Amino acid sequence: MAKETMQAISDAETKAREAVLNAKEEGERLVADAALQGEKAVQAAVKEARKKADVLCGVARADAEKLGAGVRQQTQSQQESLRSRAGESRGKVVEEIRKIVLGKT
């Protein structure tokens, strides 16, 4: 009976060691899986962030082009207005210069 008890204890210890080793291996596998999933999640987040950044850059570029076009149009309009006023004033300026040069007041 003692021999059977000792064998039962030995078998129980062996099964306990195997269970601990299995649990340790399972734990390591779970940690590795979690690390892999974390890495994939980070990669997906980076990819999504890049997509959003590209969209925002595109919107900013379009806004800048629109603003630039408006500024160019406004500048052109102001230049045309200044040219027009300069043309209108040219005759008066020429006449005033003639008066000064010829001494007429």
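One can find the structure itself at the top, above this paragraph.
This section reports on the structure supplied with the text.

Calculation criteria
Residues numbered from 1 in each chain as written. Predicted model: local features only at pLDDT ≥ 70, side-chain atom pairs only at ≥ 80, totals over all residues. Heavy atoms only, no water. Helix = DSSP H or I, 4+ residues; strand = E, 2+ residues; numbered from the N terminus. Expected span 1.5 Å × (residues − 1). Bend = angle between axes of the 7 residues up to and from the residue. Salt bridge = Lys/Arg side-chain N within 4 Å of Asp/Glu carboxyl O. Buried < 20%, exposed > 50% of the residue type's maximum accessible area, 1.4 Å probe, protein only. Patch = residues over 30% accessible without salt bridge, like charges linked within 9 Å, V, L, I, M, F, W, Y side chains within 5 Å. Areas by Shrake-Rupley, 256 points an atom, 1.4 Å probe, with all protein chains shown as cover.

**Description of helix H1 (residues 2-102)**
Alright, step 1. Along its 101 residues, H1 runs 143 Å from first to last C-alpha, staying within 8% of the 150 Å computed at 1.5 Å per residue.
Alright, step 2. Its axis deflected by about 35 degrees at Ser89, H1 carries its strongest bend there.
Alright, step 3. Phi turns positive one or two residues past the end of H1, at Gly103, with a value near 75 degrees.

**Overview of the environment of Asp63**
Alright, step 1. Within the secondary structure layout, Asp63 lies in helix H1.
Alright, step 2. When the C-alpha atoms of Asp63 and Met1 are compared, they prove to be 91 Å apart, with 62 residues separating the residues in sequence.

**Overview of the pattern of salt bridges**
Alright, step 1. For the coordinates displayed, the defined rule picks out 3 salt bridges.
Alright, step 2. Of the charged contacts, one joins Arg29 and Asp33 as a salt bridge, the two residues approaching to 2.7 Å between their closest N and O atoms. Placement of both Arg29 and Asp33 in helix H1 is noted, with a separation of 4 residues, approximately one turn of the helix.
Alright, step 3. Across the pair Glu96 and Lys99 runs a salt bridge whose closest N-O atoms are separated by 3.8 Å. Of this pair, Glu96 and Lys99 are both found in helix H1, 3 residues apart, which corresponds to roughly one turn of the helix.
Alright, step 4. Since its relative accessible area comes to 32%, Lys99 is described here as partly exposed.

**Regarding a nonpolar patch on the surface**
Alright, step 1. On the surface, Val93, Ile97, Val101 and Leu102 cluster together to form a nonpolar patch covering roughly 400 Å² of accessible area.
Alright, step 2. Along the chain, Val101 falls in helix H1.
Alright, step 3. You can call Val101 exposed: its relative accessible area is 64%.

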